[in-house]
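Analysis of the macromolecular model
Chain by chain, the residues run as shown.
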Amino acid sequence: MRYLFTILALILTTKISASDIEKDLQTQFILAEPGDTIIIPEGLHDIIGTLSIDGKKDLIIRGYGMDKSILSFINQVEGAQGISITNSSNITLEDFTVRDSKGDAIKTQYVDGIIFRGITAEWTGGPKPSNGAYGLYPVQCTNVLIEFCIAIGASDAGIYVGQSKDIIVRNSKAFHNVAGIEIENSINAKVYENHSYENTGGILVFDLPDLVQIKGDNIHVYQNLIENNNLNNFAPPGNIVGNILPGTGVMILAADNVHIYENTIRNNKSVGTGIVSYFITEEPMTDKTYNPYTSNIHIYNNNFDRKVGLPTLDYEIGQLMAIKYGRTIPDIIYDGMQDPNVSEGLCLQNNIEAKFTNLDIEHNFKNWYSPFISNFSEDKSDFKCISNHNISSNSY
Amino acid sequence: MYKVVCKALTALLFIGFAFSSNPLKYAKPKLSDYGFFVGDLAKQQPSENVLPYEVSAKLFSDYAIKSRFVVLPKGEQILYQSNEEFIYPVGSTLIKSFHYPTDIRYPEKNIRLMETRLLINTPEGWIGYPYVWNKTQTEAFLEIAGERLDVSFINNQGNKESFNYSVPNFNQCKGCHVNQNKMKPIGTKARLLNHEYEYPEGSMNQLKKWSILDMINNLPEISTISHTPNYNDPNDGTLEERARGWIDINCAHCHRLGAPGETSGLFLNIEEKNKTRLGIYKPPVAAGRATGNLKYTISPGSPEKSIMIKRMLSKDPGIMMPELGRKLVHKEGVELVSQWIKNMKKN
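Model, not experiment: these values are computed from the prediction.

About the cut-offs
Residues numbered from 1 in each chain as written. Chains lettered and ligands numbered in written order. Predicted model: local features only at pLDDT ≥ 70, side-chain atom pairs only at ≥ 80, totals over all residues. Helix = DSSP H or I, 4+ residues; strand = E, 2+ residues; numbered from the N terminus. Buried ≥ 20, exposed ≤ 12 C-beta atoms within 10 Å, placed from the backbone. Contact = placed C-beta atoms within 7 Å. Rg over C-alpha atoms; globule rule 2.2 N^0.38 Å. Pairing = 2+ DSSP bridges. Domains from an automatic or database assignment. Nonpolar A, V, L, I, M, F, W, Y, C, P; charged D, E, K, R; others polar. Axes fitted to C-alpha atoms, helices over the stretch in contact; angles between N-to-C directions. Core = buried A, V, L, I, M, F, W, Y, C linked by C-beta atoms within 7 Å. Arc of directions from axis to C-beta. pLDDT = per-residue confidence, 0-100.

Comments concerning the overall build of chain B
When its secondary structure is counted, chain B shows eight helices and 16 strands. On the principal axes, the C-alpha backbone points of chain B span a range of 60 × 55 × 45 Å. Counting across all 347 residues of chain B, residues that qualify as buried make up 41%. Taking as baseline every contact in chain B between residues at least 6 positions apart, the subset at least 24 positions apart corresponds to 50%.

Written as structure tokens, this is what we have:
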């Protein structure tokens, strides 16, 4: 027994230096038993390889606060993530920061019950294509809760939930990312009371082809503040988010059953809210099970505002909008591609100050030189909501 | 000092957790504790019941040379599977040791053993344990948190390669060996074993040998079993077969349905026939900066425009593929897969 204490004392005195903290944390992650809490010590810790957790349940990983317990991966030599969590259940990450990972900051895959609370994922060198793709990145997870988190500088999405089910993203901040918050091929998501600002695009809801979880469904984005998302698109070319126009508030791509309501969407210079099919990406489509259309998109009771000014001129759609509308760009932009098998494609109701345009790309873009812009239509009459959406009083 | 403490702690843990659900309970602290080898441990002379084997297409591991052994519990048998991994009785162990000679043109001269990985089929399923060899090469010790070791050797071109070799940690073992949330072997598939091996008593087809030794049950007629070529041997299969063999063994443990790489929709197992899923004209999903400004995983006719090649060539942890177990570029693999892509017809 005396030896045990001696050894424990030695461990306590030897684990102070930075590289030992990496080995110590990794060892704790491997040996953790259900119910354990693993503490990330105060300080800026230099970590050079991915820290991984696999096959664990009922585990809390806790720091002393996002400003106090910081894992820095600036010198990372190994692994494509900062932290990787796989095949686990009921994992809580709380009150620490993951900084400057070479790939994604925190990726969780095949986890049932994952909580990110008070976590910052950031790249500190400003928005750059060499930053990692995703900040907080649950994929193929169920019961996801992200709250009081901050994501900064991701070259794809700051907070990205992909191919997952039963998701809440709330009370979080995302800025200086290409996409602030993105929900992709996911089912039952609530995204609310977040502040997404100064990204290229604020909040994205996407369904992409050729994925394991084929279709997203039932996505509610409400009571968020989505503003000033005018950052240049710094996504490395080749990525789907490279198509996002600088100045995008909300973008819905090929998704189904999406509800956007009671948000304040302001000063996003190009597209306040865009609703587009996968056709607009001009990518090949070989997935026979994939539905490239948007359908059942409900946009209501949002506050729109936009300063007078040009949209981005770096993208073709931006140029066309500028030619047609000058410095007063519509807030809600629809590509007009309605699924012929669905009765309700898009519905709009009581969006304060919102102007609308339907690009009708099927007819207007047959020839690039056709005088399409005159055919952009501001007529909303085809897009009335069948069911009445009540106005709630607690929006921003 | 820290290492000594770590070892002491590891030893304590074995006692402390012997009756808990801790995964270490099936492991022994030292390689010699298992009795897999007789005589000088570093010579790896197999004891009775321990049979060496070789796979025809090998996972690239920074040019390390690997020796492999299979151990079955006495009197028990493997259940043959035609396409998947064989089903092993509980108590089986697969052993893989990694070594570097000072000059890889002379693979068995002046060797330094790095690590020995054990894949043990426990009552709770397969578990992987990494053992790291000591400097004096007398013993290998369990290191659940992995290890980083400086290595240098003379490569095939006669140049010195120096790098920091990584022994995977306990979780990283599973990172590659996982399928449908369960850990599995990767290399002991019929098509990878279906070739001759030089046993001390003479050359023989490995599957035949396993059958003669009564190690395997339900083995069909060997001529009916497929063979994945040795991708290094131009006489062992077409360019496409060898390239697909390379991609299968190096990528498909993750890039297949049920494994972590499935999120990308890129499936690289040898059975995959769908062109998009194989990467042909397939845009990336979550590659981030690893796209290297390219549009497709595979651009037929243009290896230089294919993300796959770009990622095989990279040594940046945020870009490179595979994500783990590689610090060097496999030049011969890049050449082979590039040739395959180059010969593809453009749309």
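Brief notes about the overall build of chain A
Of the regular secondary structure elements, chain A holds four helices and 28 strands. Taken over the C-alpha trace, chain A has a radius of gyration of 23 Å; the compact-globule value for 396 residues is 21 Å, and the two agree within 12%. Counting all 396 residues of chain A, 54% fall into the buried class. Sequence separation of at least 24 residues holds for 63% of the intrachain contacts in chain A that already meet a minimum separation of 6.

Topic: the pairing of strand β24 (residues 295-300) of chain A
Residues and elements named next belong to chain A. By the bridge criterion, five bridges tie strand β21 (residues 256-261) to β24 in an arrangement that is parallel. Within the sheet, the bridge partner assigned to His259 lies in β24 and is His298. Relative to strand β27 (residues 346-349), β24 runs parallel, the two sharing four bridges. Across the sheet, residue His298 finds its bridge partner in β27, namely Cys347.

Observations concerning the domain arrangement of chain B
All names here are of chain B. Domain annotation for chain B reports domain 1 (24-224) and domain 2 (239-342). Centre-to-centre separation of domain 1 and domain 2, based on C-alpha positions: 25 Å. Facing 21 residues of domain 1, the contacting portion of domain 2 comprises 18 residues. Secondary-structure elements contributing two or more residues to the side of domain 1 that touches domain 2 are β11 (160-167), α2 (170-177) and β12 (178-179). Here the element with the most residues in the side of domain 1 that touches domain 2 is β11; it accounts for five residues. The class makeup of the residues in the side of domain 1 that touches domain 2 is 10 nonpolar, eight polar and three charged.

Some thoughts on the sheet that holds strand β8 (residues 125-133) of chain B
Residue and element names in this part refer to chain B. Taken together, the six strands give an open sheet; going across it, the order is β3-β4-β6-β7-β8-β9, and neighbouring strands pair in antiparallel fashion. Only two strands of the sheet have a single partner each, and these edge strands are β3 (50-53) and β9 (140-142). Neighbour-to-neighbour, the strand axes of this sheet turn through a mean angle of 25 degrees, independent of strand direction. With seven bridges connecting them, strand β4 (residues 65-71) and strand β6 (residues 93-101) associate as antiparallel partners. Its bridge partner being in β6, Ile65 is matched across the sheet by His99. Sheet contacts for α2: β7 (111-122) and β8; angle to β8, the most-contacted strand, approximately 130 degrees.

Some thoughts on the nonpolar core
Leu136, Ala151, Ala157, Ile159, Val205 and Ile252 of chain A together with Val337 of chain B are the most contacted members of the largest nonpolar core, which totals 182 residues. Ranked by residue count, the leading element in this core is strand β7 (residues 104-122) of chain A, at eight residues. Both domains that furnish three or more residues to this core are identified here as domain 1 (24-224) and domain 2 (239-342) of chain B. Apart from the residues lying within four places of it in its own chain, the contact partners of Val337 of chain B are Ala243, Trp246, Ile247, Met308, Ile309 and Met312 of chain B.

Overview of the interface of chain B and chain A
Contacts between chain B and chain A engage 44 residues on the former and 48 residues on the latter. Secondary structure elements with two or more residues in the side of chain B that touches chain A: α1 (2-16), β11, α2 and α6 (275-278) of chain B. Sorting elements by how many residues they give to the side of chain B that touches chain A places α1 of chain B first, with six residues. Partitioned by chemical class, the residues of the side of chain B that touches chain A number 21 nonpolar, 15 polar and eight charged.

Remarks on helix α3 (residues 316-325) of chain A
Residues and elements named next belong to chain A. Every buried residue belonging to α3 is among Ile317, Gly318 and Met321, and all of these are buried. The buried residues of α3 all sit within an arc of 100 degrees when viewed along its axis, so they share a single face. Residues of α3 that are exposed and angled more than 90 degrees away from the buried face: Glu316 and Ile323.

Quick look at the environment of Lys342 of chain B
All names here are of chain B. Mapped onto the fold, Lys342 is located in helix α8 (residues 331-342). Here Lys342 falls in the partly exposed class, since 15 other C-beta atoms lie within 10 Å of it. Between the C-alpha atoms of Lys342 and Glu304, which are 38 residues apart in sequence, the distance is 9.1 Å.

Examining the environment of His195 of chain A
Residues and elements named next belong to chain A. Tracing the backbone shows His195 in strand β16 (residues 195-197). With 18 C-beta atoms counted inside 10 Å, the residue His195 sits in the partly exposed group. In this structure His195 touches Lys173 and Leu225, once residues within four positions along its chain are discounted.

Observations concerning unusual backbone geometry
Note that the residue after Met321 of chain B, namely Pro322 of chain B, is joined by a cis bond; omega there is -10 degrees. Take Pro322 of chain B: it is sitting in the loop between α7 (307-313) and α8. Positive phi is not limited to glycine here, since Glu198 of chain A has a value of about 55 degrees. Not every positive phi belongs to a glycine, and Asn257 of chain A is a case in point at roughly 60 degrees. Looking at where Asn257 of chain A falls in the secondary structure, it is placed in strand β21. Under the C-beta neighbour-count criterion, Asn257 of chain A is labelled partly exposed, with 18 such atoms within 10 Å.

Describing the confidence of the model for chain B
Residues and elements named next belong to chain B. Taken as a whole, chain B shows an average pLDDT of 91; of its residues, 94% reach a score of 70 or greater. For the stretch residues 1-20, pLDDT sits under 50, and the model shows 24 contacts to residues farther than four places along the chain or on other chains. On the interface metric, ipTM, the complex scores 0.81, and its pTM is 0.87.

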